[in-house]
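What follows is each chain in one-letter form.
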Amino acid sequence: MKIAVCVKQVPDSETRITLAAPAAQLDDSGFTRVLNPYDAYAVEEAVKIKEAGGEVEVTAIIAGPETVKETLKKDCLAVGCDKAIIISDPELVGADEMALATAMAAVIKRDGYDLVLTGIKAIDDDSGQLGIILGEMLDMAHVSTITKLDLGEGSLTAEREIEGGKEIVEASLPAVLTCQKGLNEPRLPSLPNIMKAGMKPMETVTCADLGLELPTSLSTVKTFSPPPARGECKLIDAEDPAAAARELARLLNEEAKVI
Amino acid sequence: MSDAKYPTGGEFLLQETDPADCFTPEDFDENQRMFATTVDDFTAKHVLPVVEELEYEGDTTLGKGLLKEAGTMGLLMADIPEAYGGMGSNKATIMLISEKIAHAGSFAVTHGAQSGIGTLPIVYFGTDEQKQKYLPGIATGEIMTCYALTEPGSGSDALAAATTAMLTDDGKHYVMNGTKQYITNASYSEIVILFAKIDGDKFTGFIVDLSSDGVTIGAEEKKMGIKGSSTCAIILEDVKVPVENVLGEIGKGHHIAFNILNVGRFKLGASTTGGSKMALSAAVPYTKDRKQFEQPLCSFGLIRRKIADVAAAIFMSESMLYRTAGLLDVAIDTLDKKDAGYDRKSIQQVEEFSIECSMIKVFASEVLALSADECLQMLGGYGYCQEYPLERIYRDERINRIFEGTNEINRMLVPGMILKKAMKGELPFLQAAQAVADELTGLPSFEEPGEPEFLENEAKLVANMKKIVLATLGMAAQKFGMELKDQQEVLADIADITMAAYACESALLRTKKKVAKDGEEAAALMANMFTLYVHDAMEDVSTWARNVMAGTVEGDELRTMLAGLRRLTKHDPVNRTKLHDAIADKVIEAEGYTAE
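Residues numbered from 1 in each chain as written. Chains lettered and ligands numbered in written order. Predicted model: local features only at pLDDT ≥ 70, side-chain atom pairs only at ≥ 80, totals over all residues. Heavy atoms only, no water.

1. Some points on the overall build of chain A
Across its full length, chain A carries 6 helices and 13 strands. Relative to a compact globule of 259 residues, whose C-alpha radius of gyration would be 18 Å, chain A shows 23 Å and is clearly more extended. Projected onto its principal axes, the C-alpha coordinates of chain A cover approximately 75 × 45 × 40 Å. Among the 259 residues that make up chain A, the fraction classed as buried is 41%. Counting only contacts in chain A whose residues sit at least 6 apart along the sequence, the fraction spanning at least 24 positions is 73%. Summing over all exposed atoms, chain A offers an accessible surface of approximately 14,300 Å²; the carbon and sulfur share of this is 52%. In chain A, 26 positive and 43 negative side-chain charges are present, and the distance between their average locations comes to 3 Å. (Helix = DSSP H or I, 4+ residues; strand = E, 2+ residues; numbered from the N terminus. Rg over C-alpha atoms; globule rule 2.2 N^0.38 Å. Buried < 20%, exposed > 50% of the residue type's maximum accessible area, 1.4 Å probe, protein only. Contact = heavy atoms within 4.5 Å. Areas by Shrake-Rupley, 256 points an atom, 1.4 Å probe, with all protein chains shown as cover. Lys, Arg positive; Asp, Glu negative; His and termini not counted. Charge placed at Lys NZ, Arg CZ, Asp CG, Glu CD.)

Structure follows, in structure tokens:
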């Protein structure tokens, strides 16, 4: 069985975001970059399937520049993925989900996989579209937001989160699944495995290598701006609740002009 | 050894080091950086969620589970050779792991007992059979181990141990009796590296199975800090230990004990450096958020001074720590890994640097004392309350100046070891000391200094500090001869001068290496921290040296020496406020220690 895990490198959630003046672009020079936490569930699930036995090969697929190599090594290869493929192409910088999925789908089609796992979304842009688009492009079954997975012979049973409960879905393989918190507890790499990870194969491909023309991105990010500063909180200091309410009504009417 | 191609301990006093040859934290490779973040991740995932139980409720039983977890992540195997299931890491990597694990508070002590002092005696002195039997399990955490040297009646004077081991009539066992105390991890360890006197006089190391009949583990000590670590006595009553569990040679237990202490000391230098960084990280964000007089605390000069002084002191610790790691690695790299005696020879290489190991232990633990104290002060009343971690860091810090050889004992060792190496002809110390003495008593140079280059004045201060070490130690050795060992105050002052020289030179070399690689601007923070520290240190060095001289000679001789000393210590003051501001800006922006 061949499993592809589509992953993304994102800024650490504790990274302080600064905007580079004057173009209002993100200043990413000081970013600490990590594996997207939702993708870590996908990696862990793939590795667990491998550990459960049988002939399983797990490949991590990522798009991005040279800097993704550290994330691949420490958070994918060192925790049990067998190899990694980097789609490194200037055209993918700032590309939208459609372009990204096109490139990933090309790699997945080229090598042929029985199962594709990815996080439900990436914590940087929060778009959550990659898995769905991949399912469509690859003509595979797609189950999103899974919190439990059982693999059968040529089929799978997954639990997925829905509002107010859970849904149990059966699907045939090959399939694309997006992973949600609760699916598993991602392990940390061990120090010896970090050392061994350096010896695992890491392939770099470009869109040209894949014979691919990327679709024009339908959306582009024009500007970033920090959220507006919050207004000041006013505490009403009154003798009794009735007086406080009168003062509140007055302020809402005269100052805030909302009533 | 003096003609060896690799450096030897104490040599820094007598020669110049090329910055390119000085290992620095900027030289870590990708694997080492990943190890560092993995240790941080371990602490965040497994230790921080149980901080309350560990550190405030003092649940010492948690250490065992945490050690197992650390074992599965490979955090216990750095020191163990690959042939026995470990990683056989170099010293720089081992120090980095020790530095990072410090953020785990009490667990750092638990971790150190298992992976350091509980492991290394077997690595360095065990037979192949002993290594095969124990090391793979110790590496993964399946076997818990600890180290027992101290007794109720013998602490610093470790060789005065009263625990005895008597051979049975059939020659198959030793029967042990005695009490060991302050044994970290004793309550849940399977084995202990224990020292006892065979026939009451031959001090010898043993591997003792703690499940043996006659072993009693005492109650947990009620400690001031590191409350999450287990500390108990081990009482031995007619405990039978198989003869094959003798570690090393009979009567040579002191080789094990003292050599393991050397390694323990440099590891402690690493963990206290990590602790200092933790203290600063716990304080700086507070000074940004907390406002008084409608201004954040970090905008006030006296808070900024504290931030900068602590950061500069950490920079010193860190620089000397990793410089020493590099020296040890270069020395160990000259050995043949295939040599059957490789492990034993590597500990001999470490022993060569016992001067540096002692200096790091004392210096870095005292930097942690400063960091804990000043960072607590930055939080004011909140710092005194358990709601913030500084109250705990302040208590936990204290032990570091006591264990692995008190700072007093280690201070005695520094000049003592230099002289020992000089006597053995390993260091051409006496000739160099004579040359400096001649310079001090000779005529001053009237050379007019030109416009100084970047850090040129400060580099001169460092060079002069090294001369002052030679002058004071040479003088004291000449005056007191064999009696010098009893002149504890003189020795301590000389040790302090030596530490200042080593710390300042290490920081200078690191800064120069950075300048050579990335330019003066990129090295500005390092240069500022070094400059701030070296000027302050020269004031201290001047005082210590004057005291040594006054305690050693008198009359005209004293006056001549003091005049010479004035020439060496002369320096114009720097604008400290300006330096404090420049350093504090960077540290406040990074919300903790940074050298970038």
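2. Here we look at the domain arrangement of chain A
Examined at the domain level, chain A breaks down into domain 1 (2-205) and domain 2 (229-259). Placing a centre on the C-alpha atoms of domain 1 of chain A and another on those of domain 2 of chain A gives a separation of 50 Å. (Domains from an automatic or database assignment.)

3. A few points about the side chain of B:Lys180
Residues and elements named next belong to chain B. When you line up the elements, Lys 180 lands in strand β3 (residues 173-184). Among the polar contacts listed, one links the side chain of Lys 180 to the backbone oxygen of Leu 149, at a separation of 3.1 Å. One polar contact links Lys 180 to Glu 151, side chain to side chain, over a distance of 2.8 Å. (Polar contact = N/O pair within 3.5 Å; in protein donor to acceptor, adjacent residues only side chain to side chain.)

4. Quick word on the interface of chain B and chain A
How big an interface is tends to be stated in terms of the accessible area lost upon association of its parts. With 19 residues of chain B in contact, the opposing surface of chain A contributes 14 residues. Between chain B and chain A the total buried area reaches about 1,500 Å² when both faces are included, carbon and sulfur atoms providing 63% of it. For the interface between chain B and chain A, the tally reads 4 salt bridges. Where B:Lys45 meets A:Glu185, a salt bridge forms, and the shortest distance between an N and an O atom there is 3.7 Å. At the level of secondary structure, the elements contributing two or more residues to the side of chain B that touches chain A comprise α1 (30-47) and α19 (576-590) of chain B. Counting residues per element, the side of chain B that touches chain A draws most heavily on α1(B), at 10 residues. Of the residues belonging to the side of chain B that touches chain A, the class tally is 9 nonpolar, 5 polar and 5 charged. (Buried area = accessible area lost by both parts, 1.4 Å probe. Salt bridge = Lys/Arg side-chain N within 4 Å of Asp/Glu carboxyl O. Nonpolar A, V, L, I, M, F, W, Y, C, P; charged D, E, K, R; others polar.)

5. Thoughts on the side chain of B:Ser371
Residues and elements named next belong to chain B. Tracing the backbone through its elements, the reader meets Ser 371 in helix α11 (residues 354-378). Note on Ser 371: relative accessible area 0%, which makes it buried. Setting aside residues up to four positions removed in sequence, Ser 371 forms contacts with Ser 276, Ala 279, Val 310, Ile 314 and Leu 376.

6. Topic: the pattern of salt bridges
Residues and elements named next belong to chain B. Scanning the entire structure with this criterion turns up 58 salt bridges over all chains. Among the ionic pairs, Lys 424 bridges to Glu 426, the shortest N-O distance being 3.6 Å. A relative accessible area of 12% means that Glu 426 is categorised as buried. Between Lys 485 and Asp 486 there is a salt bridge; the shortest N-O distance is 3.9 Å. Shared partners join several salt bridges into a network, and the residues in it are Glu 26, Glu 99, Lys 277, Glu 318 and Arg 510.

7. Here we look at the domain arrangement of chain B
All names here are of chain B. Here the domain parsing of chain B yields domain 1 (11-144), domain 2 (147-247), domain 3 (253-408) and domain 4 (413-446 + 454-590). Computed from C-alpha atoms alone, the centre-to-centre distance between domain 3 and domain 4 is 21 Å. Taken together, the contacts link 29 residues of domain 3 with 31 residues of domain 4. Interface area, domain 3 with domain 4, both sides summed: about 2,700 Å², of which 70% is carbon and sulfur. For domain 3, the biggest contributors to the area lost against domain 4 are Arg 304, Phe 315 and Arg 323; these three give 24% of the whole. Residues Glu 505 and Arg 323 are paired through a salt bridge, measuring 2.9 Å at the closest nitrogen-oxygen approach. At the boundary of domain 3 and domain 4, one finds 10 residue pairs in polar contact (both at pLDDT 80 or more).

8. Some remarks on the nonpolar core
Ranked by size, the top nonpolar core spans 213 residues in total, and within it B:Leu280 and B:Phe530 carry the most contacts. When residues in this core are grouped by element, the largest group, 18 residues, is from helix α9 (residues 301-333) of chain B. Setting aside its immediate chain neighbours within four residues, B:Leu280 contacts B:Pro285, B:Ile307, B:Val310, B:Ala311, B:Ile314, B:Cys375, B:Met378, B:Val587, B:Gly592 and B:Tyr593. Of all hydrophobic cores here, the second largest spans 26 residues; its members include A:Ile87, A:Ala105, A:Leu134 and A:Leu210. (Core = buried A, V, L, I, M, F, W, Y, C linked by side-chain atoms within 4.5 Å.)

9. Quick notes on the sheet that holds strand β1 (residues 2-7) of chain A
Across a sheet, strands are paired by hydrogen bonds formed along the backbone, either parallel or antiparallel in direction. Residues and elements named next belong to chain A. Strand order in the open sheet formed by 9 strands is β11-β10-β9-β12-β8-β1-β6-β7-β13, and the pairing between neighbours is mixed. For this open sheet the edge positions go to β11 (165-172) and β13 (202-205), each flanked by a neighbour on one side alone. Taken pair by pair, the neighbouring strands of this sheet meet at an average axis angle of 35°, ignoring direction. As defined by bridge partners, strand β7 (residues 83-87) adjoins β13 across 4 bridges and the pair is classed as parallel. Paired with Ile 85 across the bridge in β13 is Glu 203. Sitting on the sheet, helix α4 (residues 130-138) is in contact with β1, β8 (115-119), β9 (141-151) and β12 (175-179), with an inclination near 180° to β12. (Pairing = 2+ DSSP bridges. Axes fitted to C-alpha atoms, helices over the stretch in contact; angles between N-to-C directions.)

10. Let's talk about the pairing of β12(A)
Residue and element names in this part refer to chain A. Along β12, 5 of the 5 residues are buried, which leaves the element largely enclosed by surrounding structure. Here β12 shows a buried face lined by Ala 175, Leu 177 and Cys 179 and a second buried face lined by Val 176 and Thr 178. Sheet topology note: the β8/β12 ladder contains 5 bridges and is parallel. By the bridge assignment for β12, Leu 115 is matched with Ala 175.

11. Things to note about a nonpolar patch on the surface
All names here are of chain A. Together, Ile 236, Leu 248, Leu 252, Val 258 and Ile 259 make up a nonpolar patch on the protein surface, roughly 420 Å² of accessible area in all. Inspection of the secondary structure puts Leu 252 in helix α6 (residues 241-254). Overall, the relative accessible area of 30% leaves Leu 252 in the partly exposed class. (Patch = residues over 30% accessible without salt bridge, like charges linked within 9 Å, V, L, I, M, F, W, Y side chains within 5 Å.)

12. Some points on the packing of helix α4 (residues 91-101) of chain B against α9(B)
Residue and element names in this part refer to chain B. Where α4 contacts α9, the two axes come as close as 8 Å, and the packing angle between them is 145°. On α9, the residues touching Lys 91, Ala 92, Met 95, Leu 96 and Glu 99 of α4 are Leu 321, Tyr 322, Ala 325, Leu 328, Asp 329 and Ile 332. When grouped by side-chain class, the residues that make up the contact of α4 with α9 number 8 nonpolar, no polar and 3 charged.

13. Points about the packing of aromatic side chains
Residues and elements named next belong to chain B. By the definition in use, this model includes 13 aromatic pairs over all chains. Measuring from centroid to centroid gives 4.6 Å for Phe 12 and Tyr 502, while their planes differ by 55°, and the two rings are tilted. Of this pair, Phe 12 sits in the segment before α1 while Tyr 502 sits in helix α16 (residues 488-518), and the two are 490 residues apart along the sequence. By relative accessible area, Phe 12 is classed as buried at 5%. (Phe/Tyr/Trp six-rings, centres within 6.5 Å; stacked < 30°, edge-to-face > 60°.)

14. What to know about helix α1 (residues 37-51) of chain A
All names here are of chain A. Given a rise of 1.5 Å per residue, 15 residues ought to cover 21 Å, and the 21 Å separating the end C-alpha atoms of α1 matches this to within 8%. Counted residue by residue, α1 has 11 buried out of 15 residues, so it is predominantly covered. Positioned one or two residues after α1, Gly 53 has a phi angle of 115°, which is positive. (Expected span 1.5 Å × (residues − 1).)

15. Focus: the packing of α9(B) against α19(B)
Residues and elements named next belong to chain B. At a minimum axis separation of 8 Å, α9 and α19 run at an interaxial angle of 80°. With respect to α19, the element α9 is oriented roughly perpendicular. The segment α9 lies against α19, with Arg 304, Arg 305, Ile 307, Ala 308, Asp 309 and Ala 311 engaging Arg 576, His 580, Asp 581, Ile 583, Ala 584, Asp 585, Val 587 and Ile 588. The residue makeup of the contact of α9 with α19, split by class, is 7 nonpolar, 1 polar and 6 charged. (Parallel < 35°, antiparallel > 145°, perpendicular 65-115°, else oblique.)

16. Brief notes about the pairing of strand β1 (residues 145-148) of chain B
Residues and elements named next belong to chain B. By the alternation rule, side chains of β1 split into Thr 145 and Tyr 147 and Cys 146 and Ala 148, which are all buried. Inspection of the sheet shows β1 paired to strand β4 (residues 191-198) by 4 bridges, in the parallel sense. Across the sheet, Thr 145 pairs through a bridge with Ile 191, a residue of β4.

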